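# Structural features, examined
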Amino acid sequence: MTEELPEEEIILADLSDEDLVVQMHDDLYDGLGEEIVEGTTILLERGWSPSAVLNDALVEGMRIVGIDFRDGILFVPEVLLSANAMKAGMEILRPLLAETGAEPVGKIVIGTVKGDIHDIGKNLVGMMLEGAGFEVIDLGINTDVEEFLGALDEHKPDLLGMSALLTTTMPYMKVVIDTLIEKSLREEYMVIVGGAPLNEEFGEAIGADAYCRDAAVAAETAKRLVTERRAAEV
Ligand code: B1M
């Protein structure tokens, strides 16, 4: 009879930065939220910037999860655990990314469109926008045109931001923009869109003001659009 060897416990704090990042990719893959929180904290304590932890440890880990999800190696329940682990890490980074002494530069209403429940990218965009000095009103996931219109009316933001991760839900962005046009509201708000299946061409085709490939670009673009509009109003 063979004796089972006990699994060697990995002490995250003992790992080099490089090994810790690789271990965090594995932990994200395995949906281990506590380990992701610990790894995130360790990297920050070692002087990593919040955006480096976000991109190298969390976003890269999720990219790996996405490949195996696409290839049928991982399934929805497992990916949900990974998503929750990622969110646990993001919660630690949120206040750090949002730290800004600056005056609010503008207001944005954002949401993931109807039929779509992916919110990690949208949450990241919200964090980066907060970090860039925006007040962010986040409508969450599965947001229909009435909810978008209601929030625009209530909050009177400078911008509307929509996120979609599915090829089947991205056309809904056009439904929202067309409704704004129908109600003669399109000129009131600048519209930015983003999400993995979108591209520049799609953004133009649906009549958005800008397509943003990632959260950092979303923050830069939102700032630029607000500055340009304010300058044009003077
Ligand atoms: Co989903 N899923 N999923 N999923 N999922 C994708 C998107 C998919 C590409 C996986 C794959 O096949 N490789 C595929 C879509 C295929 C397609 O349509 N082309 C897919 C599928 C098919 C599905 C289901 C249909 C699976 C099923 O049920 N059989 C189902 C649909 C549910 C629904 O929405 N109705 C589903 C479900 C899920 C989970 C619930 C398990 C989970 C979501 C959990 C959550 O979000 N709370 C999930 C996940 C996690 C993914 C992957 C693996 C990761 C997405 C993610 O969070 N990425 C994804 C594979 C992938 O994208 N590689 C996949 C990390 C995030 C930081 O990146 O979201 O791209 P991303 O955001 C980026 C940019 O896109 C951009 O900035 C962000 C940060 O830089 N961005 C914006 C995003 N929004 C923006 C808005 C902006 C500006 C920039 O302005 C407003």
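Rules used throughout
- Residues numbered from 1 in each chain as written.
- Predicted model: local features only at pLDDT ≥ 70, side-chain atom pairs only at ≥ 80, totals over all residues.
- Heavy atoms only, no water.
- Core = buried A, V, L, I, M, F, W, Y, C linked by side-chain atoms within 4.5 Å.
- Buried < 20%, exposed > 50% of the residue type's maximum accessible area, 1.4 Å probe, protein only.
- Contact = heavy atoms within 4.5 Å.
- Near = heavy atom within 4 Å.
- Polar contact = N/O pair within 3.5 Å; in protein donor to acceptor, adjacent residues only side chain to side chain.
- Helix = DSSP H or I, 4+ residues; strand = E, 2+ residues; numbered from the N terminus.
- Donors = N, O, S within 2.8 Å, 3.2 Å for Na, K, Ca; no water.
- Salt bridge = Lys/Arg side-chain N within 4 Å of Asp/Glu carboxyl O.
- Pairing = 2+ DSSP bridges.
- Right-handed = clockwise from strand over helix to strand, strands pointing away.

All right, on to the nonpolar core then. A general trend in soluble globular proteins is that nonpolar side chains are found buried together. The biggest cluster of nonpolar side chains holds 46 residues, and the ones touching the most others in it are Leu-129, Phe-134 and Leu-159. Ignoring sequence-local partners within four residues, the contact set of Leu-159 consists of Lys-107, Ile-108, Val-109, Phe-134, Met-190, Ile-192, Ala-222, Leu-225 and Val-226. Counting residues in hydrophobic clusters, the runner-up holds 25 residues, among them Leu-152, Met-162, Met-173 and Tyr-189.

Time to look at the site of the ligand. The ligand sits among 34 residues. The nearest are Gly-115, Ile-117, His-118, Asp-119 and Ser-163. One nitrogen or oxygen atom from the side chain of Asp-116 is found 3.5 Å from an oxygen atom belonging to the ligand. Those elements that provide at least two residues to the shell around the ligand are helix H3 (50-70), helix H4 (76-98), helix H5 (120-131), strand E3 (159-163), strand E4 (190-194) and helix H9 (215-233). At 5 residues, H4 tops the list of elements feeding residues into the shell around the ligand.

With that settled, the discussion passes to the coordination of the cobalt atom of the ligand. Exactly one donor from the protein chain reaches the cobalt atom of the ligand: His-118 (NE2), at 2.2 Å. Tracing the sequence through the fold places His-118 in the loop between strand E1 (106-112) and H5.

Applying the stated criterion to the full structure yields 12 salt bridges. Here Lys-87 ties to Asp-119 by a salt bridge, and the two come within 3.0 Å at their closest N and O atoms. In this pair, Lys-87 is assigned in helix H4 and Asp-119 in the loop between E1 and H5, connecting sequence segments 32 residues apart. Among the ionic pairs, Glu-91 bridges to Arg-94, the shortest N-O distance being 3.3 Å. Here the residue Glu-91 and the residue Arg-94 both occupy positions in helix H4, the gap between them amounting to 3 residues, near one helical turn. Look at Glu-91 and you get partly exposed, because its relative accessible area is 46%. Accessibility expressed as a relative area gives 26% for Arg-94, which makes it partly exposed.

Okay, the pairing of E1 next. Among the 7 residues of E1, 6 are classified as buried, and the element is accordingly described as predominantly covered. Sheet topology note: the E1/strand E2 (residues 134-138) ladder contains 5 bridges and is parallel. Of the residues in E2, the one forming a bridge with Val-109 is Ile-137. Assessed by its sense of winding, the connection that carries the chain from E1 through H5 to E2 is right-handed. In terms of strand pairing, E1 meets E3 through 5 bridges, oriented parallel. Among the inter-strand pairings, Gly-111 is bridged to a residue of E3, identified as Met-162.

Further remarks concern the environment of Glu-201. Here Glu-201 shows up in helix H8 (residues 200-206). Separated by 21 residues in sequence, Glu-201 and Leu-180 place their C-alpha atoms 20 Å apart.

All right, on to the side chain of Thr-221 then. Here Thr-221 shows up in helix H9. Thr-221 sits in the buried class, given a relative accessible area of 7%. In contact with Thr-221, other than residues within four places in its own chain, are Ile-192, Ala-210 and Cys-212.

Turning our eyes to something else, we now look at unusual backbone geometry. Positive phi is not limited to glycine here, since Lys-156 has a value of about 45°. Within the fold, Lys-156 resides in the loop between helix H6 (145-155) and E3. Lys-156 gets classed as exposed once you look at its relative accessible area, which sits at 52%. The phi dihedral of Ser-184 falls on the positive side, at around 55°, and the residue is not glycine. Relative to the helices and strands, Ser-184 resides in the loop between helix H7 (172-182) and E4.

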